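# Structural characterization, general
The primary structure of each chain is shown beneath.
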Amino acid sequence: MINKNSPIPLYYQLEEHIKGLIENNDLSPGDALPPEREYAEKYQISRMTVRQAFTQLVNEGYLYRLQGKGTFVAERKIEQPLQGLTSFTEDMKARGLKPESNLVRFEIIPATIQIAGQLKISENKPVYEIKRIRLADGVPMALETNYLSAILINGLTEEIVNQSLYGYIEGTLNLRIESASQIIESSIASQNEAELLNIAIGAPVMHIQQNTFLNDGTPVEFVKSVYRADRYKFMIQMKR
């Protein structure tokens, strides 16, 4: 498995081997990995090389460490296809997971220049600012901040927001959401993001900016989200 004559770095070879065991279900979530010393002895490599492979796998979300207990296989990441427009609630239910939201902030604010530009409204017009921690089976997955025109989307309450925002827009207001565009960037968690998502400061995250439109092209929503990179991955299908 470890080829010392290969130009591929030893730590990367070990990393790919462990990753393959996880992806092929030879290692399951919660399984403990042997100590670094055992890997070093088995493959005749340095413990520093093993530690480098482990650290990379932790950073990628395949493993996690518990102080004084060892290194374990992490829960599988939730895979989000990018070809369909669904809400977080619909997404989690489709995967058999229980969606929940912890409301951090819900208020009406005057639209800043940026928000007004994204929603195609005048500056200082009233907009809802809704900040939520999105959870699946009790685990924080994302920090989401939605901005919606309080004139177009009227009557919002905390109770409605804690249920399904899209359900209210389409079911109660009879508006049809048709499309969205997203910009996805890799980043690291700030102190505030880390505290709310229960991850380490500087842990890898994905920043997603989304603009959502009604069937007549009217912008209905501007969203800024921070997703945990250790629990979420995005999948794109392409055809030539």
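Residues numbered from 1 in each chain as written. Predicted model: local features only at pLDDT ≥ 70, side-chain atom pairs only at ≥ 80, totals over all residues. Heavy atoms only, no water.

Another point: the packing of aromatic side chains. Enumeration according to the criterion identifies five aromatic pairs in this entry. Ring plane angle 25 degrees and centroid distance 5.8 Å describe the contact between phenylalanine 106 and tyrosine 128, whose orientation is recorded as stacked. Placement of the pair is phenylalanine 106 in strand β4 (residues 99–110) and tyrosine 128 in strand β5 (residues 126–136), with a sequence separation of 22 residues. Phenylalanine 106 sits in the partly exposed class, given a relative accessible area of 22%. Centre to centre, the rings of tyrosine 147 and phenylalanine 222 are 6.1 Å apart; their planes meet at 25 degrees, and the pair counts as stacked. Of this pair, tyrosine 147 sits in strand β6 (residues 139–149) while phenylalanine 222 sits in strand β9 (residues 219–228); the two residues are 75 residues apart in sequence, bridging distant segments of the chain. The pair tyrosine 147 / phenylalanine 222 is uniform in exposure class, with both members buried. Through pairs of rings, three or more aromatic residues link up here, namely Tyr39, Tyr43 and Phe54. (Phe/Tyr/Trp six-rings, centres within 6.5 Å; stacked < 30°, edge-to-face > 60°. Helix = DSSP H or I, 4+ residues; strand = E, 2+ residues; numbered from the N terminus. Buried < 20%, exposed > 50% of the residue type's maximum accessible area, 1.4 Å probe, protein only.)

A separate point is the sheet that holds β9. Spatial ordering of the open sheet is given by β4-β5-β6-β9-β8-β7, a layout of six strands whose pairing is antiparallel. Each of the sheet's edge strands pairs with one partner strand only, and the pair in question is β4 and β7 (177–188). With strand direction ignored, the average angle separating the axes of adjacent strands in the sheet is 15 degrees. Sheet analysis places β4 next to β5, joined by 11 bridges and oriented antiparallel. By the bridge assignment, leucine 103 is partnered in β5 with arginine 132. (Pairing = 2+ DSSP bridges. Axes fitted to C-alpha atoms, helices over the stretch in contact; angles between N-to-C directions.)

Further remarks concern the layout of surface pockets. Within this model, the second largest pocket holds a volume of roughly 320 Å³. Forming the walls of the second largest pocket are 16 residues, and the residues nearest its centre are Val58, Leu63, Tyr64, Arg228 and Asp230. At the level of secondary structure, the elements contributing two or more residues to the lining of the second largest pocket comprise α3 (47–59) and β1 (63–66). Along the lines of polarity and charge, the residues of the lining of the second largest pocket split into nine nonpolar, two polar and five charged. (1 Å grid on protein atoms, 1.4 Å probe; cavity = no way out; pocket = protein on both sides within 12 Å on 5 of 7 lines; lining within 4 Å. Points joined across faces, edges and corners; volume = space filled by probe spheres on them. Nonpolar A, V, L, I, M, F, W, Y, C, P; charged D, E, K, R; others polar.)

Attention now goes to the side chain of threonine 49. As for its placement among the helices and strands, threonine 49 is situated in helix α3. At a separation of 2.9 Å, a polar atom in the side chain of threonine 49 contacts the side chain of serine 46. In this view, threonine 49 contacts Leu10 and Tyr11; residues no more than four positions away in its chain are not counted. (Polar contact = N/O pair within 3.5 Å; in protein donor to acceptor, adjacent residues only side chain to side chain. Contact = heavy atoms within 4.5 Å.)

Helical periodicity: at 3.6 residues per turn, an α-helix aligns residues three or four positions apart in one direction. Looking at helix α2 (residues 36–43), one finds that the buried residues are Glu36, Tyr39, Ala40 and Tyr43. Along α2, the residues classed as buried sweep out an arc of 100 degrees about the axis, all on the same side. Tucked into the core, α2 has its buried residues touching α1 (10–23), α3 and β1. Glutamine 44 lies just past α2 and shows a positive phi near 55 degrees. (Arc of directions from axis to C-beta.)

As a further point, take the pairing of β9. Within β9, nine of the 10 residues are buried, which leaves it mostly tucked inside the rest of the structure. Sheet analysis places β6 next to β9, joined by six bridges and oriented antiparallel. Paired with leucine 143 across the strands is valine 226, a residue of β9. One ladder, built from nine bridges, connects strand β8 (residues 204–214) with β9; its direction is antiparallel. Note on β9: the bridge partner recorded for asparagine 211 is phenylalanine 222. Between β8 and the antiparallel strand that follows it, β9, lie four residues; glycine 217 among them carries a positive phi value of about 90 degrees.

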